[in-house]
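A look at the structure
Here's the letter readout for the chains.
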Amino acid sequence: MSTSADEFAKVAAKASGGINVTGVTKRFGDFVALDDVSIDVPDGGLTALLGPSGSGKSTLLRVIAGLEQPDEGQVLISGENTTDRRVQDRNVGFVFQHYAAFKHMTVFDNIAFGLKIRGQGTGKIRERVKQLIELVHLQGFEKRFPNQLSGGQRQRMALARALAVEPKVLLLDEPFGALDAKVRQELRTWLRHLHDDVHVTTIFVTHDQEEAMEVAEQIIVMNDGRVEQSGGPRDLYEDPASEFVMGFVGPAHRLGESWVRPHDVEIRHEPNGKTIEALIDRVVHLGFEVRVELTLQDGETFSVQLTREQVDELELKDGQIVFVRPKSSRTFSPDGTVPATVA
């Protein structure tokens, strides 16, 4: 960790705090965006709100920030009830998907803006901005304007601006959604390292399962304005609490009454009484892994994930008839929420 990161971490440790949301409901007319939502985000943690469009994740983030007022429930930051506090009184840093930079200001002035309106002295502002520019790796770009930066650089500038005012929590609303895949991947790694340096309690919204599993320590899965499940990436993948989580967190297919992961399916050339007949539509080589796309007799399609060695040993080809059997599967109760059996 660099000297500036060390210094910033000390400041962040004093300012940071956990987040507790209890029984929050938010309506827009007849539409219930949040329905009795409760979450706990640990002090210094990095949490992802994961869910499809319309699941309520961005609305929840805006309620925590104070940009929306809940109809019911409360929000606590560092143990203090902030439900009725104004946005500017919550000490929250907020970063939107679209950078919201001041186009007429340089990188330095964009980052310094929040400090200036708080009446900080010129010397303190200069030192603070210098630390942050080093932290987000924008040395040499201080005098550039936003339109002279790449998308990734503008987003790093936005994060530095949010961190400048020493927020207790940092809230990111799909921060990498407007960027191309390569830049998103680079910024995921960068955000993870940044959080390891500064330890500010952070929540970020995403609909990208891989992004959430790669970056976050805790994932809160949302659907239709409710929390489906929260836990670590491995917990959600290996022990999903509902059919929705099973199908949304990582690849999964329904095979009869059961749900199965693509890597938990065996392919054979001969039936053994427990197998299902299938037609190989396509064998797709993806580096070390191979995806075998299949169609069952009832017309359902799904894919199996194998290694190159397994495919070579089985001599799998397009158009072959094979027989498949789940090595591990999960069956949920009729309402789709409680795992009934795990085989």
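This text goes with the structure placed above it.
Let me begin by describing the structure that accompanies this report. Note that the structure is predicted; figures quoted are calculated from it, not measured.

Rules used in this analysis
- Residues numbered from 1 in each chain as written.
- Predicted model: local features only at pLDDT ≥ 70, side-chain atom pairs only at ≥ 80, totals over all residues.
- Heavy atoms only, no water.
- Pairing = 2+ DSSP bridges.
- Helix = DSSP H or I, 4+ residues; strand = E, 2+ residues; numbered from the N terminus.
- Contact = heavy atoms within 4.5 Å.
- Axes fitted to C-alpha atoms, helices over the stretch in contact; angles between N-to-C directions.
- 1 Å grid on protein atoms, 1.4 Å probe; cavity = no way out; pocket = protein on both sides within 12 Å on 5 of 7 lines; lining within 4 Å.
- Points joined across faces, edges and corners; volume = space filled by probe spheres on them.
- Nonpolar A, V, L, I, M, F, W, Y, C, P; charged D, E, K, R; others polar.
- Salt bridge = Lys/Arg side-chain N within 4 Å of Asp/Glu carboxyl O.
- Buried < 20%, exposed > 50% of the residue type's maximum accessible area, 1.4 Å probe, protein only.
- Parallel < 35°, antiparallel > 145°, perpendicular 65-115°, else oblique.
- Left-handed = near helix turned anticlockwise from the far one by under 90°.
- Core = buried A, V, L, I, M, F, W, Y, C linked by side-chain atoms within 4.5 Å.

**Observations regarding the sheet that holds strand β4 (residues 72-77)**
Taken together, the 4 strands give an open sheet; going across it, the order is β2-β1-β4-β5, and neighbouring strands pair in antiparallel fashion. Two strands in the sheet have a free side with no partner beyond their single neighbour: β2 (31-41) and β5 (80-81). As paired strands, strand β1 (residues 19-28) and β2 are joined by 7 bridges and run antiparallel to one another. Note that in β2 the partner of Val24 across the bridge is Val37. Along the sheet, helix α2 (residues 57-65) makes contact with β1, β2 and β4, crossing β2 at roughly 65°.

**With respect to the layout of surface pockets**
Quantified by volume, the largest pocket comes out at close to 580 Å³. Around the largest pocket, the lining comprises 21 residues; the ones closest to its centre are Val92, Gly93, Phe94, Arg118 and Val165. Listing elements by their share of the lining of the largest pocket, those giving two or more residues are β6 (92-95), α3 (107-117) and α5 (151-164). Sorting elements by how many residues they give to the lining of the largest pocket places β6 first, with 4 residues. For the lining of the largest pocket, the class distribution of residues is 15 nonpolar, 4 polar and 2 charged. By volume, the second largest pocket amounts to about 160 Å³. Lining the second largest pocket, in full, are His263, Val265, Glu266, Ile267, Gln305, Leu306, Gln310, Glu313, Leu314 and Lys327. Looking at the lining of the second largest pocket, the elements with two or more residues in it are β13 (265-268), β16 (301-307) and α10 (308-314). Considering only residue class, the lining of the second largest pocket consists of 4 nonpolar, 3 polar and 3 charged.

**As for the pattern of salt bridges**
Evaluation of the coordinates by the stated rule reveals 23 salt bridges. Two residues, Arg27 and Glu72, come together in a salt bridge whose shortest N-O distance is 3.1 Å. Linking Arg27 in strand β1 with Glu72 in strand β4, this pair joins segments that are 45 residues apart in sequence. Across the salt bridge formed by Glu217 and Arg192, the nearest N and O atoms sit 3.0 Å from each other. Of the two residues, Glu217 sits in the loop between α7 (209-215) and β9 (218-223) while Arg192 sits in helix α6 (residues 181-198), which places them 25 residues apart along the sequence. Relative accessible area serves as the criterion here: at 39%, Glu217 is assigned to the partly exposed category. A network of salt bridges, in which partner residues are shared, links Arg188, Asp208, Glu210, Glu211 and Glu214.

**Considering the packing of α5 against α6**
Interhelical geometry of α5 versus α6 gives an angle of 25° and a closest axis separation of 11 Å. One element, α5, and the other, α6, form an angle in the roughly parallel class. Crossing handedness for the pair α5 and α6: right-handed. Contacts between α5 and α6 involve Gly152, Gln155, Arg156, Leu159 and Leu163 from the first element and Val183, Leu187, Trp190 and Leu194 from the second.

**Quick word on the pairing of strand β17 (residues 321-326)**
Inspection of the sheet shows β13 paired to β17 by 4 bridges, in the antiparallel sense. Bridge assignment links Glu266 to a residue of β17, and that residue is Arg325. In terms of strand pairing, strand β14 (residues 276-286) meets β17 through 4 bridges, oriented antiparallel. Residue Leu279 lies in a different strand from β17, and its bridge partner there is Ile321.

**So, the sheet that holds strand β15 (residues 289-296)**
Read from one edge of the open sheet, 5 strands run β13-β17-β14-β15-β16, paired in antiparallel fashion. A single partner strand is all that each edge strand has here, and the edge strands are β13 and β16. Across the sheet, the mean angle separating the axes of adjacent strands is 45° when strand polarity is ignored. In this structure, β14 lies alongside β15, joined through 8 bridges in antiparallel fashion. Looking across to β15, one finds that Val283 is bridged to Val292.

**Digging into the nonpolar core**
Ranked by internal contacts, the top residues of the largest apolar core, which has 43 residues, are Ile111, Leu170 and Ile219. At 7 residues, the largest contribution of residues to this core is made by α5. With near-sequence residues (within four places) excluded, Ile111 lies in contact with Val129, Leu132, Ile133, Met157, Ala160, Arg161 and Ala164. Judged by nonpolar contacts, the second largest core, of 23 residues, contains Leu60, Val63, Val75 and Ile203.

In short, the description is geometric, and any link to function would need to be established separately.
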